[in-house]
Amino acid sequence: MKYDTIVIGSGAGGLASALCLARAGQKVLVLEQHYLPGGWCHSFSRHGSRFTPGVHYIGLLGEGESSSDLYKGLGIANDLTFYRMNPHGYEHCWIGEERFDVPAGVDALENALTTRFPHEKKGIKRYLKTVRDVSSELQLIPKINGFWDKVTIPWRTRHLGKYGLFSLKRVIGWHVTDPLLKTILNIQCGDHGLPPGQASFPLHAAVMEHYLSGGYYPKGGGASIVNAMIKSIESDGGEVRTSQRVKRVLIEVEGESREAVGVELMDGEKIYASRVISNADPKKTYGDLVGREFLSEKLNAKLDASKYSCTSLTLFLTVDMDVEAAGLDSGNIWLTPNRDMDEVYADMMRSDITSQEYFPGLFISCTTLKDPASFDGKHHALEVITYINYEAFKEFEGEDKKRSQKYLAFKEELMEKTLNTLERAIPGMKESVVHKDLGTPLTNMHYINATEGSVYGTQKSLNQIGPNAFRAVSEIKNLYLCGASILAHGVTGATYSGVDAAARILGLRQEDLIQPIEGQNLTIIDIKKGQQNV
């Protein structure tokens, strides 16, 4: 049997492309190497608790906002319910002994910041306006269509042109001077994995804009989004197969032409298609699945020069504790020392991660407070994350599923260090642990097939985003890419990348595939009040 399109990987990007193509009438097959679909969006259970390693909040889900319109346009909104995280603090900044709650809404944020830092009032106002100007102009670029748009784009993106080549640290320094205020404004660097001195300001502005109106968490975890997409794919005749690892993309060579014609699985089965979309990152796609002998000198050089984002340790905890009494709610907690964030990041990236007693920073998320329906009345589930340098795990990368005693001992040591760091912030947490497990960079590589366990695909540095990023359309005929390394990272960024790949195949614009469908509505639940807003 020959398919119209084979999609390698069932992350948000791969599923979104499959959904759009199946809806357009194509015969689509999605192949996922893990036994659970979803990539970073998959959910799994341990000791009765559900965890989703890559979904901690989603923004812009209010009526008329882009993420809401995206899910309506994909035709899956009716199958999704989101909880609105604490609007008074969907992010909590625990900076040394200082505390600041980030509220939903740009006006509320400006008021909270100027109340705390009255001496920086003018700079705060100017900075938040700059963030909004730059992020709104970024959103214009994919919509450029026709002669007049191209003529006027320099004026319409003048703020992006002014700030586009500068780091976050430099732009913030032009607006405010208070060190604590800078850290608060930088705190969401964790959402792209780079410190202020290395992060592109437009990228950080886009992340801030995504969450300015607040954060939301999917009822049922990330798997609810995955399941809604798969339901749509299958209803339109598409297939999604798990535990199907692709060995290579089949390349047909004729003279100077190279064309993707299908895939070969690890068991030797060959499946043919008119085209292939890879949701794997560029190194995995071009290096492992295609083969660098099929690539141009220019693309090989780009692959050699590309850097991948930091990797992570994720501690999955089930605790028997009144976490609300301990100060937790549905908001995320960013725990960091009160000092320069570039210095903190450098500490996090040390290759010897056991040399210090505590980790410099943690991200703390209580999923049972974000998704009350998952709470059994006694046990809470937490995901505690710190970013690290992959070098710390390089010596173990050749091991198979049966890990060495040295690796297991190393993992136990890091689990203890994470718990000790968490205990400093939330006393009593350590003794309340019922179950614990640690996801490492090798876990990310095994289940997600991420290069060096990277959490955001390619590093989102100035020279690797925008026009310098990898493209959806490859130099190999009928081979396309999607995912966090192509258009944008994060749940919605990866989803848009899948829509974009499908649009290019169908000869359409991205927006043509995600026009809101009549009768599609998201259900939003206010956690505190239990009110539903449709």
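*Asks:* Explanation requested: the overall build of the chain in the structure shown.
*Replies:* Helix and strand counts for the chain stand at 18 helices and 20 strands. Taken against the 2.2 N^0.38 rule, which gives 24 Å for 534 residues, the C-alpha radius of gyration of the chain at 23 Å falls within 12% of a compact globule. Considering the chain as a whole, with its 534 residues, one finds that 57% of them fall into the buried category. Relative to all contacts within the chain whose residues are 6 or more apart in sequence, the contacts with residues 24 or more apart total 71%. Working note: accessible area of the chain is about 22400 Å², and carbon and sulfur atoms make up 49% of it. With 59 positive and 65 negative side-chain charges, the chain shows a spacing of 3 Å between the two charge centroids.

*Asks:* I would appreciate a short explanation of the confidence of the model for the chain in the present structure.
*Replies:* Caution applies to low-pLDDT parts of the model: their predicted coordinates are not meant to be read in detail. Scored by pLDDT, the chain has a mean of 92; 94% of the residues are at 70 or more. Per-residue pLDDT stays below 50 along residues 146-156; that stretch engages in seven contacts with residues further than four places along the chain or on separate chains. Here residues 529-534 is a poorly scored stretch, pLDDT under 50, and it has 14 contacts once near neighbours within four places are set aside; other chains count.

*Asks:* Looking at this structure, I do not really get the pattern of salt bridges. What am I missing?
*Replies:* For side chains bearing opposite charge, pairing can occur when the charged atoms are close. Per the stated rule, a full pass over the model turns up 24 salt bridges. In this structure, Asp 342 and Lys 169 form a salt bridge, with 3.4 Å as the shortest nitrogen-oxygen distance. Of this pair, Asp 342 sits in helix H13 (residues 341-348) while Lys 169 sits in helix H7 (residues 168-175), placing them 173 residues apart in sequence. Residue classification places Lys 169 among the partly exposed residues on the basis of a relative accessible area of 39%. The partner of Arg 504 in a salt bridge is Asp 500, with the nearest N and O atoms 3.0 Å apart. Pair noted here: Arg 504 and Asp 500 are both in helix H17 (residues 490-506), with a separation of four residues, about one helical turn. Salt bridges linked by common partners bring Lys 169, Asp 340 and Asp 342 together as one network.

*Asks:* Teacher, can you tell me more about the side chain of Ser 224 here?
*Replies:* Here Ser 224 shows up in helix H10 (residues 222-235). Among the polar contacts listed, one links the side chain of Ser 224 to the backbone oxygen of Lys 219, at a separation of 3.2 Å. Sequence-distant contacts of Ser 224, that is, excluding residues within four places in its chain, are made with Leu 80, Pro 218 and Lys 219.

*Asks:* I would appreciate a short explanation of unusual backbone geometry in the present structure.
*Replies:* Apart from glycine, the bulk of residues carry a negative phi angle, and the bulk of peptide bonds sit in the trans form. Even without a glycine there, the phi angle at Asn 449 is positive, about 60°. Positive phi values are uncommon outside glycine, yet Glu 452 reaches one of about 50°. Of note, Glu 452 is situated in the loop between helix H16 (441-448) and strand S18 (479-481). Glu 452 sits in the partly exposed class, given a relative accessible area of 31%.

*Asks:* Sorry if this is basic, but what is going on with the packing of helix H1 (residues 12-23) against H17 here?
*Replies:* Between two packed helices, the angle of one axis relative to the other and the distance separating the axes together describe the packing. Following both chains from N to C, one finds H1 and H17 inclined at 35°, their axes separated by 7 Å at the closest point. In the packing of H1 onto H17, the handedness of the crossing is right-handed. Contact with H1, carried on its side by Ala 12, Gly 13, Ala 16, Ser 17, Cys 20 and Leu 21, involves Val 491, Ala 494, Thr 495, Ser 497, Gly 498, Val 499, Ala 502, Ile 505 and Leu 506 of H17 and no other residues of that element. Classifying every residue of the contact of H1 with H17 gives ten nonpolar, five polar and no charged.

How each quantity is defined
Residues numbered from 1 in each chain as written. Predicted model: local features only at pLDDT ≥ 70, side-chain atom pairs only at ≥ 80, totals over all residues. Heavy atoms only, no water. Helix = DSSP H or I, 4+ residues; strand = E, 2+ residues; numbered from the N terminus. Rg over C-alpha atoms; globule rule 2.2 N^0.38 Å. Buried < 20%, exposed > 50% of the residue type's maximum accessible area, 1.4 Å probe, protein only. Contact = heavy atoms within 4.5 Å. Areas by Shrake-Rupley, 256 points an atom, 1.4 Å probe, with all protein chains shown as cover. Lys, Arg positive; Asp, Glu negative; His and termini not counted. Charge placed at Lys NZ, Arg CZ, Asp CG, Glu CD. pLDDT = per-residue confidence, 0-100. Salt bridge = Lys/Arg side-chain N within 4 Å of Asp/Glu carboxyl O. Polar contact = N/O pair within 3.5 Å; in protein donor to acceptor, adjacent residues only side chain to side chain. Axes fitted to C-alpha atoms, helices over the stretch in contact; angles between N-to-C directions. Left-handed = near helix turned anticlockwise from the far one by under 90°. Nonpolar A, V, L, I, M, F, W, Y, C, P; charged D, E, K, R; others polar.

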